[in-house]
Amino acid sequence: MADLRTAVGGLELDHPLVLASGPLSWNGEAIVRAYCAGASAVVTKTISRRAATQPVPHLVRVGGGVLNAERWSDLDSAQWIKREIPLAKDAGVPVIASVGLEPADVEALAAALEEAGADALEVVSYDEATLPGLVDAAVRRVRIPVFAKLSANGRDLVGTARACVERGTSALTVIDSVGPALRIDPRTRRPLLGATAGWLSGPAILPIALHAVAAVRQAVAVPVIGTGGVEDADTAVEMLLAGACAVGICSGALVHGLDLFRRLRGDLSDRLDEFGLTSIEDAVGAARWEEARGVRMGFDEVACIHCEACVRVCPYQARRSPADVGEACRECGLCVSVCPAGALVWEGRG
Ligand SMILES: Cc1cc2nc3c(=O)[nH]c(=O)nc-3n(C[C@H](O)[C@H](O)[C@H](O)COP(=O)(O)O)c2cc1C
């Protein structure tokens, strides 16, 4: 059975599945609930000097995931320090306290969050230019590890990662929700959220998150908590292969329930075994980036169910039948990806 233990910037975790900052870690009891449901550590909702007020509504399920206009925590920072974090720590939860959004917030709160029992801080900002300054403010004030949360919404993900590492971050969480984004209810003609700008998360952002994790991992040497779109064991493995040594999950647990953590832990172990990976360490960054040579499309006549999906999707009208491809075929691969029977396959990519 694969060894699921992992370490992130000084935190030893039983397994890599961490509850990312969001509504499911809104207070102490919620944090304990997530831990009991199987998360290996919990990132609190972002704590700031001023409690937020939330637009109504601010969370809606959409195709591909979740759209939200939820701001930082609507609890007072003093309440987090006096009650919520100590409550979670009394229950033995590894707690990563998310703090932002300006340097003054980190200056005011970092030491008190450490004193309240947080095992690490995660600094976060809506403006990537200010993030390295937040890391700086935190590392000057605490002894616990400081993580920085990167967003793919800015212009310079890798440059920001490097600047945060130079300032002393022990790990990077990659990525935040993606946006701004918008959906409109055609009946009421109003935005689905009580705000014009929302942020997208869940499966729709997985490819963005994977690319960001791989880019950051290749540029800097600190551990990465890969976050964005993971909701099953295969996508968790993808995140590890891209270079993450832990996997943050928010939307998956929102939509499918906190039980996801326990299910995923078992499934992840099975999948790693199946793929011949004996530990998390084995999987981290193990994606093969070299170009495969001699790749060609193969057709398995016995497996074909003649649904004609491959014929319908061909953009070049090159596929006349599952078995018959004309010269216009560019081997783009769309037909292979829609074949429900595995009759169209790539040969030479193993
Ligand atoms: C409703 C909601 C609220 C969130 N609030 C926070 C927050 O307070 N601080 C933060 O750093 N990230 C916050 N996030 C971002 C998540 O932590 C995570 O980075 C993002 O949603 C991508 O992961 P996912 O696809 O698993 O949800 C929030 C996400 C959602 C959906």
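Bear in mind that the values here come from a model prediction, so they are computed numbers and not experimental data. In this numbering scheme, every chain counts its residues from 1 along its sequence in written order. Restriction of local features to residues with pLDDT of at least 70 applies here, the model being predicted, together with a cutoff of 80 or more for giving and counting side-chain atom pairs; totals for whole chains, interfaces and linings are based on all residues.

Pulling in residues and values, what's your account of the overall build of the chain?
Within the chain, the regular secondary structure consists of twelve helices and 20 strands. Principal-axis analysis of the C-alpha atoms gives the chain an extent of 70 × 55 × 35 Å. The buried share of the chain, taken over its 350 residues, is 48%. Here the contacts in the chain between residues at least 6 apart in sequence split such that 67% fall between residues at least 24 apart. To qualify as a helix, a DSSP run of H or I must reach at least 4 residues; to qualify as a strand, a run of E must reach at least 2; elements of each kind are numbered from the N terminus. Exposure criterion: with C-beta atoms placed from backbone coordinates, a residue whose C-beta has 20 or more other C-beta atoms within 10 Å is buried, one with 12 or fewer is exposed, and one in between is partly exposed. Residues are scored as being in contact if the C-beta atoms we place from backbone atoms lie within 7 Å.

Before we move on, can you summarise the site of the ligand with the specific residues and values?
Any residue whose C-beta atom, as placed from the backbone, lies within 6 Å of a molecule or strand is termed near it. Taken together, 27 residues lie around the ligand, and Ala 20, Ser 21, Ser 201, Cys 250 and Ser 251 are the ones closest in. For the shell around the ligand, the elements supplying multiple residues, two or more each, are β6 (65-68) and α8 (251-256). Under the grouping applied here, Gly and all other residues not named as nonpolar or charged are polar, the nonpolar ones being Ala, Val, Leu, Ile, Met, Phe, Trp, Tyr, Cys and Pro and the charged ones Asp, Glu, Lys and Arg. When the residues that make up the shell around the ligand are grouped by side-chain class, the tally is ten nonpolar, 13 polar and four charged.

For the domain arrangement of the chain, give the residues involved together with the corresponding values.
Marked domain ranges trace back to an automatic or database domain assignment. What the domain assignment lists for the chain is domain 1 (6-283) and domain 2 (296-347). Averaged C-alpha coordinates put domain 1 and domain 2 at centres separated by 40 Å.

Describe the nonpolar core, with residues and values.
Leu 113 and Leu 121 are the most contacted members of the largest nonpolar core, which has 102 residues in total. With near-sequence residues (within four places) excluded, Leu 121 lies in contact with Ala 97, Val 99, Ala 110, Leu 113, Ala 138, Val 142, Ile 144, Val 146 and Phe 147. Joining buried Ala, Val, Leu, Ile, Met, Phe, Trp, Tyr and Cys residues through C-beta atoms within 7 Å gives a set, and that set is a nonpolar core. Of all hydrophobic cores here, the second largest spans six residues; its members include Cys 310, Cys 314, Cys 335 and Ala 343.

Go over the sheet that holds strand β14 (residues 198-201) with me, naming the residues and quoting the values.
Note on sheets: strands pair through backbone hydrogen bonds, and any given pair is parallel or antiparallel. Whether two strands pair comes down to DSSP finding at least two bridges between them. Ordered in space as β5-β6-β14-β11, the four strands form an open sheet in which the pairing is antiparallel. Since the sheet does not close on itself, it has two edges, and those belong to β5 (59-62) and β11 (178-181), each with one partner. Geometrically, the sheet is characterised by an average inter-axis angle of 30 degrees between neighbouring strands, direction not taken into account. Sheet topology note: the β11/β14 ladder contains two bridges and is antiparallel. By the bridge assignment for β14, Ala 181 is matched with Gly 198. Note on geometry: axes are C-alpha line fits, over the in-contact stretch for helices, and angles between N-to-C directions span 0 to 180 degrees.

Please provide a residue-by-residue account of the packing of helix α4 (residues 131-139) against helix α5 (residues 157-166), values included.
Where α4 meets α5, the closest approach of the two axes is 8 Å, and the angle between their N-to-C directions is 15 degrees. What the angle tells us is that α4 and α5 run roughly parallel. Classified by chirality, the crossing of α5 by α4 is right-handed. Of α5, the residues touching α4 (which contributes Leu 131, Pro 132 and Val 135) are Thr 160, Ala 163 and Cys 164. Class assignment of the residues belonging to the contact of α4 with α5 gives a composition of five nonpolar, one polar and no charged. Here roughly perpendicular refers to angles of 65 to 115 degrees, roughly parallel to angles under 35, roughly antiparallel to angles over 145, and oblique to all remaining angles. Whether a crossing is left-handed or right-handed is set by the direction in which the near helix is turned from the far one by less than a right angle, anticlockwise for left-handed and clockwise for right-handed.

Would you mind going over α5 in detail, with residue names and values included?
When we look at burial in α5, the residues that qualify are Leu 157, Thr 160, Ala 161, Ala 163, Cys 164 and Val 165. Buried-residue contacts for α5 involve α4, β9 (146-150), β10 (171-174) and α6 (206-219). Gly 168 sits one or two residues past α5 and shows a positive phi near 110 degrees.

So what's going on with the packing of helix α7 (residues 233-242) against helix α9 (residues 260-274)? Residues and values would help.
At their nearest, the axes of α7 and α9 sit 9 Å apart, and the two run at 65 degrees to each other. Seen from above, α7 lies across α9 with right-handed handedness. Contact with α7, carried on its side by Ala 233, Asp 234, Ala 236 and Val 237, involves Leu 264, Asp 267, Leu 268, Arg 271 and Leu 272 of α9 and no other residues of that element. Split by residue class, the contact of α7 with α9 holds six nonpolar, no polar and three charged.

I'd like a description of helix α3 (residues 103-116), backed by residues and values.
One less than the number of residues in a helix, times 1.5 Å, gives the span that helix is expected to have. The end-to-end C-alpha distance of α3, which contains 14 residues, comes to 20 Å, matching closely the 20 Å that a straight helix rising 1.5 Å per residue would cover. Maximal helix bending in α3 amounts to about 40 degrees, located at Leu 109. Looking only at α3, the buried set comprises Asp 105, Val 106, Leu 109, Ala 110, Ala 112, Leu 113, Glu 114 and Ala 116. Those residues of α3 that are buried are in contact with α2 (77-90), β7 (95-99), β8 (120-123) and α4. Throughout, the bend at a residue refers to the angle made by two axes, fitted to the seven residues ending there and to the seven starting there.

Let's hear about the pairing of β6: which residues, and what values?
Regular strands show a simple pattern: their side chains alternate between the two faces of the sheet. As paired strands, β5 and β6 are joined by four bridges and run antiparallel to one another. For Arg 61, the partnering residue across the bridge sits in β6 and is Val 66. The hairpin formed by β5 and β6 contains two residues between the paired strands, and Gly 64 there has a positive phi angle of roughly 90 degrees. Here β6 pairs with β14 via three bridges, running antiparallel.

A description of unusual backbone geometry should follow, citing residues and the corresponding values.
Note the cis peptide between Val 56 and Pro 57, where omega equals -10 degrees. Between Gly 100 and the following residue, Leu 101, the backbone shows a cis peptide bond with an omega angle of 20 degrees. Assignment of secondary structure puts Leu 101 in the loop between β7 and α3. Phi angles above zero are rare outside glycine, and His 306 is one such case at about 55 degrees. Mapped onto the fold, His 306 is located in the loop between β17 (296-299) and α11 (309-313). Even without a glycine there, the phi angle at Glu 331 is positive, about 55 degrees. Mapped onto the fold, Glu 331 is located in the loop between β19 (324-325) and α12 (334-338). Take Glu 331: there are 12 C-beta atoms within 10 Å of it, and that puts it in the exposed class.

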